[in-house]
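Observations on chain architecture
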Amino acid sequence: MSITNKDVEYVAHLARLTLNENETEKMTQELSAIIDFANKLSELDTDNVEATAHVLDLKNVFRKDVVQDSYDREEILKNAPTHDEACFKVPKIVE
């Protein structure tokens, strides 16, 4: 697949970019090189390659999700400048 100047101008219009003639030509060449590289990757034989979700063998590094007691609500609300029975009160910011 080859990228044309018209394709670059169309994408630039969608992205609300203004490109001059030199920039359009440069982008055409760069995008063509990217498409050519992606096409080259599709030539690789991947029949015996196991599917992976990630290229690195990562493990979950988070702690176990264990139910535990929460903080006392009244104790936390003591630190609030203003509050009602159960919630922090904050200034209205939307008109």
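Residues numbered from 1 in each chain as written. Predicted model: local features only at pLDDT ≥ 70, side-chain atom pairs only at ≥ 80, totals over all residues. Heavy atoms only, no water.

1. Thoughts on the environment of isoleucine 34
- Among the secondary structure elements, isoleucine 34 is positioned in helix H2 (residues 21-41).
- Expressed as a C-alpha distance, the spacing of isoleucine 34 and isoleucine 3, which sit 31 residues apart in the sequence, is 10.0 Å. (Helix = DSSP H or I, 4+ residues; strand = E, 2+ residues; numbered from the N terminus.)

2. Some words on unusual backbone geometry
- For arginine 16, which is not glycine, the phi dihedral falls at a positive 60 degrees.
- Among the structural elements, arginine 16 can be located in the loop between helix H1 (5-14) and H2.
- The exposed category is assigned to arginine 16, whose relative accessible area is 68%. (Buried < 20%, exposed > 50% of the residue type's maximum accessible area, 1.4 Å probe, protein only.)

3. Thoughts on the pattern of salt bridges
- For the structure shown, the criterion picks out one salt bridge.
- Glutamate 75 serves as the salt-bridge partner of lysine 78, at 3.4 Å between the closest nitrogen and oxygen.
- Its relative accessible area of 61% is what places lysine 78 among the exposed residues.
- Since its relative accessible area comes to 46%, glutamate 75 is described here as partly exposed. (Salt bridge = Lys/Arg side-chain N within 4 Å of Asp/Glu carboxyl O.)

4. Observations regarding a nonpolar patch on the surface
- Taken together, the side chains of Leu17, Leu19, Met27, Leu31 and Ile34 present a nonpolar region at the surface, about 410 Å² in accessible area.
- Checked against the element boundaries, leucine 19 lands in the loop between H1 and H2. (Patch = residues over 30% accessible without salt bridge, like charges linked within 9 Å, V, L, I, M, F, W, Y side chains within 5 Å. Areas by Shrake-Rupley, 256 points an atom, 1.4 Å probe, with all protein chains shown as cover.)

5. Here we look at the confidence of the model for the protein chain
- Per-residue confidence for the protein chain gives a mean pLDDT of 88; residues scoring 70 or more make up 99%.
- Within the protein chain, H1 carries the highest mean pLDDT (95), whereas helix H3 (residues 73-77) carries the lowest (88). (pLDDT = per-residue confidence, 0-100.)

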